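Spelled out, the chains give:
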Amino acid sequence: MQGNPSASAVNANPLLSDSWFRSQLYGLDRTADDFPRVRQGELADVLASNAGLQQFAQPVIKQLAQKLAEKQSVVILSDATGLVLNTFGDMPSMEKAQRYALAPGNLWSECGRGTNAIGTALAIDDGCEIEGHQHFLTLNQGLYCAAMPLQMPNGQIAGVLDISGPAHFPHPQTFNWVKAAAKQIEYLWVKQSLHPQQWLMSLHLQPQGIDTSDELLLVFSDNVLTAANRLAMRELALSVEQLGSVTFQQLFPQQQQQANTIPVPLDYATQRYYFRLRAPQRSHFATPSEPASDLPFSLGRDGEKMVRLLNAGVSLCIHGETGSGKEYVSRALHQQSRWREGKFVAINCAAIPEALIESELFGYQPGAFTGASKNGYIGKIREADGGVLFLDEIGDMPLALQTRLLRVLQEKEVAPLGSSRSWPVNFAVISATHRDLAQRVAEGEFREDLLYRLQEFSMTIPPLRDWPDVEGFISRLWLELGGADRDIQLSPALLTALAQLPWPGNVRQLRSLLRVLLALADEGEEVTEVHLPAEYRRAALPPQPDRQSHDERLISETLQCFNGNISKTAEALGVARSTLYRRAARDKRD
Ligand SMILES: Nc1ncnc2c1ncn2[C@@H]1O[C@H](COP(=O)(O)OP(=O)(O)OP(=O)(O)O)[C@@H](O)[C@H]1O
């Protein structure tokens, strides 16, 4: 620190002496006058990736900038590396070079510019003010700066809020303003990014401090702490690592996780706080918005009943041939039910390799097994929280997993792989199968208790060929697929022929065929039997009655002519005798 005019002042302040020491370690030249800054194009990218920070910070910063109008100071917002994103306000009396240095695109990290409020606040993760000669670089010694890091609700540092002005001006209140504005930004950020399904806990030493930006905010997803403001993290001595892992019960073992409206006392460490806990806003269930779609008519009169059962949390099991619409119907039921604000999470128990089903359903902790994502995975069951879990091909679920699934359904709690903790979950279950589950139970392939749990109510979607009005359904599906938009009609004869096909692949098969016909047809065309793909044409084309009756008449007249002698008749008609024998056998049978 030799050669520094304010060496003694710096040495007397550990914050400053540490920062100067770091600046020297960075090998900075105190007389440097070229500063690190990014190009315009790079700045645009950085601005875009800090959109969230700007969104929450700007309203507060604008108020702050108004306050500073007469104070020859600017408000600066930097990102988490100290790169200036926005500068608000004006410093007409400031030297041009310094005005330029505070403009967007300049990097004020400690390693780039030595001791300065933005860089040092980031280095110590706390607020600081750096006045004139306390700056490491000579060129910055005409500046006064006060800065405070901004913390995101997840505990990470998002950037820095700073006020800078000429060092020769008095700045008695500036640091307090920065701290108050940063607190306000962090407060709004937590409150405004709250998900309706999260718990919000507000704490303060005084009951009247609740609902002010001085309150400590804690956010819980289920019972796990997932977000907090800096005030809460400081006062309750919480670490970033605890966000996402510590539970309400671990934090407040004496306290039930129950909502309250009037602040009540709560002891934490050696302090008495007052707190209010707001429960997730699931109230939309009581006043549901308009459902998005009608129930499919394949549900018939059972539709309404199924919705009521689902609303009551009854597990539904839908049986039906492949392609008959089990998932389609389940999605429609979800949309009509009180669970519609939550997700519809489908899992095909037959399509996921047995080794992966468990992690897919229950999720896993980071590094729970070789190849696991380093971020862990929440799992389908927790994804379905508040919504519907659709278990397709449930009859194919491996036995070992059936046991775990049963436990989740009974206890409404799920523990990810590699975790000793469980999360409460609340969802409706619809399962589907084309198998006979009772038979699977008899074969020892399906747990009987799980069957009862999943099949509290069961319904069967009949195969398409048994639907009461297949022609009507085909017409509707044709419209839905865009037939009317392109003015392409199905001929009445084709419609009748299609309605009579057996459709082993049910609606899926019918849908695919209609899409093929639509794709191949020209605008305004009528689609007839001749447009059918060959494999359908054979099945759909009606027998040729005239030709058939003509042949039959000819055979029977010739037979009469030869007194029923088959060999002579065959010879006369030029057909094989076997043809006539087959026909004779058929006549006898009819
Ligand atoms: N009532 C319906 N109206 C319109 N489209 C339908 C209807 N039912 C089913 N579909 C369509 O048919 C196709 C097959 O439906 P879905 O996947 O629901 O059948 P599934 O019974 O679940 O089949 P799988 O047993 O093979 O899983 C989907 O493209 C779906 O959109």
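Residues numbered from 1 in each chain as written. Predicted model: local features only at pLDDT ≥ 70, side-chain atom pairs only at ≥ 80, totals over all residues. Heavy atoms only, no water.

Trainee: Please provide a residue-by-residue account of the sheet that holds strand β7 (residues 216-221), values included.
Mentor: The strand order across the open sheet built from five strands is β8-β7-β6-β10-β9, with neighbouring strands paired in antiparallel fashion. Of all strands in the sheet, those bounded by a partner on one side alone are β8 (224-228) and β9 (264-268). Sheet twist, expressed as the average angle between the axes of neighbouring strands with direction ignored, equals 35 degrees. Here strand β6 (residues 198-204) pairs with strand β10 (residues 271-278) via five bridges, running antiparallel. (Pairing = 2+ DSSP bridges. Helix = DSSP H or I, 4+ residues; strand = E, 2+ residues; numbered from the N terminus. Axes fitted to C-alpha atoms, helices over the stretch in contact; angles between N-to-C directions.)

Trainee: Can you lay out the layout of surface pockets for me, pointing to particular residues and giving the numbers?
Mentor: Here the second largest pocket is characterised by a volume of approximately 470 Å³. Lining the second largest pocket we find 19 residues, and of these H195, Q197, I378, R382 and D385 sit closest to its centre. Of all elements in the fold, only β8 and α14 (380-383) reach the threshold of two or more residues within the lining of the second largest pocket. In terms of residue class, the lining of the second largest pocket is made up of five nonpolar, eight polar and six charged. (1 Å grid on protein atoms, 1.4 Å probe; cavity = no way out; pocket = protein on both sides within 12 Å on 5 of 7 lines; lining within 4 Å. Points joined across faces, edges and corners; volume = space filled by probe spheres on them. Nonpolar A, V, L, I, M, F, W, Y, C, P; charged D, E, K, R; others polar.)

Trainee: Let's hear about the confidence of the model for the protein: which residues, and what values?
Mentor: Per-residue confidence for the protein gives a mean pLDDT of 85, with 88% of residues at or over 70. Taken together, the stretch residues 283-293 has pLDDT below 50 and engages in 16 contacts with residues farther than four places along the chain or on a different chain. (pLDDT = per-residue confidence, 0-100. Contact = heavy atoms within 4.5 Å.)

Trainee: Tell me about the pattern of salt bridges, residues and numbers included.
Mentor: The final tally for this structure, using the stated rule, is 18 salt bridges. Put simply, R230 and E186 hold a salt bridge, and the shortest N to O gap is 3.3 Å. Within this pair, whereas R230 is found in helix α9 (residues 230-235), its partner E186 is found in helix α8 (residues 174-192), the two being separated by 44 residues in sequence. For the pair formed by R230 and E186, the shared burial category is buried. A salt bridge links R331 to E327, with the shortest nitrogen-to-oxygen separation between them at 2.8 Å. Of the two residues, R331 and E327 are both situated in helix α12 (residues 326-336); the distance of four residues between them amounts to about one turn of the helix. Its relative accessible area of 40% is what places R331 among the partly exposed residues. Residue classification places E327 among the partly exposed residues on the basis of a relative accessible area of 28%. A cluster of three or more residues bridged by salt bridges with shared partners is formed by K191, D211, E215 and R276. (Salt bridge = Lys/Arg side-chain N within 4 Å of Asp/Glu carboxyl O. Buried < 20%, exposed > 50% of the residue type's maximum accessible area, 1.4 Å probe, protein only.)

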